[in-house]
Amino acid sequence: MDAFRRLWAYFDAPTPRGSIAASVSFIIVSNQPFYPLYLYLLLGGRAWPSLLSWLSGPIFAAVPYLLRQGEARGAAALMVAGIGNTALCTAALGPASGVELFYLPCLALPLLTLAGRERLTGLGATIAAIAVLMALVRLAGFEGLVPVSADEVATLQRINAFSVTGLMCVMAFLARRLRSAAISPAPAPTHAAPPAGR
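Computed from a prediction, not measured in an experiment: that's the story for all the values here. (Residues numbered from 1 in each chain as written. Predicted model: local features only at pLDDT ≥ 70, side-chain atom pairs only at ≥ 80, totals over all residues. Heavy atoms only, no water.)

Trainee: Can you explain the overall build of the protein? Please cite residues and give values.
Mentor: Across its full length, the protein carries eight helices and zero strands. If you list the helices and strands of the protein from N to C, you get α-α-α-α-α-α-α-α. For the protein, whose C-alpha radius of gyration is 21 Å, the value lies well above the compact-globule estimate of 16 Å for 198 residues. Its C-alpha atoms give the protein principal-axis dimensions of about 90 × 40 × 25 Å. Counting over 198 residues, the protein shows a buried share of 36%. Put simply, of all contacts in the protein between residues at least 6 apart along the chain, 71% involve residues at least 24 apart. Summed over all atoms, the accessible surface of the protein reaches about 11,500 Å², with 69% contributed by carbon and sulfur. Placing the 14 positive and 8 negative side-chain charges of the protein at their respective mean positions leaves the two points 14 Å apart. (Helix = DSSP H or I, 4+ residues; strand = E, 2+ residues; numbered from the N terminus. Rg over C-alpha atoms; globule rule 2.2 N^0.38 Å. Buried < 20%, exposed > 50% of the residue type's maximum accessible area, 1.4 Å probe, protein only. Contact = heavy atoms within 4.5 Å. Areas by Shrake-Rupley, 256 points an atom, 1.4 Å probe, with all protein chains shown as cover. Lys, Arg positive; Asp, Glu negative; His and termini not counted. Charge placed at Lys NZ, Arg CZ, Asp CG, Glu CD.)

Trainee: I'd love a proper account of the pattern of salt bridges, names of residues and values included.
Mentor: Counting across every chain of the model gives four salt bridges. Residues aspartate 2 and arginine 5 are paired through a salt bridge, measuring 3.7 Å at the closest nitrogen-oxygen approach. With aspartate 2 and arginine 5 both in helix α1 (residues 2-10), this residue pair falls three residues apart, about one helical turn. Residue class for aspartate 2 comes out partly exposed when judged on its relative accessible area of 40%. (Salt bridge = Lys/Arg side-chain N within 4 Å of Asp/Glu carboxyl O.)

Trainee: Describe the packing of aromatic side chains, with residues and values.
Mentor: If you walk through the whole model with that rule in mind, you get four aromatic pairs. Taken together, a centroid distance of 5.1 Å and an interplanar angle of 70° make the contact between phenylalanine 11 and phenylalanine 26 edge-to-face. With phenylalanine 11 in the loop between α1 and α2 (16-31) and phenylalanine 26 in helix α2, the pair connects residues that are 15 residues apart, well separated along the chain. For phenylalanine 11, a relative accessible area of 12% puts it in the buried group. (Phe/Tyr/Trp six-rings, centres within 6.5 Å; stacked < 30°, edge-to-face > 60°.)

Trainee: Please set out the packing of helix α6 (residues 103-113) against helix α7 (residues 116-140) residue by residue, giving values where relevant.
Mentor: It is at 7 Å that the axes of α6 and α7 come closest, and there the two elements cross at 160°. Between α6 and α7, the crossing angle belongs to the class labelled roughly antiparallel. Both α6 and α7 take part in a crossing whose hand is right-handed. Across from Tyr103, Cys106, Leu107, Pro110 and Leu111 in α6, the residues of α7 making contact are Arg119, Gly122, Leu123, Thr126, Ile127, Ile130, Leu133 and Met134. Counted by class, the contact of α6 with α7 contains 10 nonpolar, two polar and one charged residues. (Axes fitted to C-alpha atoms, helices over the stretch in contact; angles between N-to-C directions. Parallel < 35°, antiparallel > 145°, perpendicular 65-115°, else oblique. Left-handed = near helix turned anticlockwise from the far one by under 90°. Nonpolar A, V, L, I, M, F, W, Y, C, P; charged D, E, K, R; others polar.)

Next up, the structure:
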């Protein structure tokens, strides 16, 4: 139990936006080991390219630590890890697999984890990075590292669409909590009693 308490404490954050970044990183870290398993059940030994998704694991795991160094720093690490992981999996499995759908949560991240001018900068950088990476994959002609049949491609698309939908639903719930925290009235200040007259 003590190990679990330390784990929860590590993925905790002192601010609402930081809490969203830490929560998303926890969801990805805890689910990332299972993604290759899902694909193994479908593709057998041809699922090995999905193991490349583990390369981003240390960055996702470092997000709570980086958040404590600076909220924008942790949020930027989460966005970089998400975009990089999606691009790598797209090159490994091919655009037809539907893995590029994971760019959708990446686009939502700067809106949820940054504020003010940093939010606009993060959103612009995210859009630009995604556009460039999607273009490069197509210009390079990446079709995946292993052959996949049409039926398997359709199943891959469903798996990725289901995973993205689940992640977006969780992020929407976290965004609702963030909005509730933003509009909740601040506690009324307590005033000291005036000194008694002489």
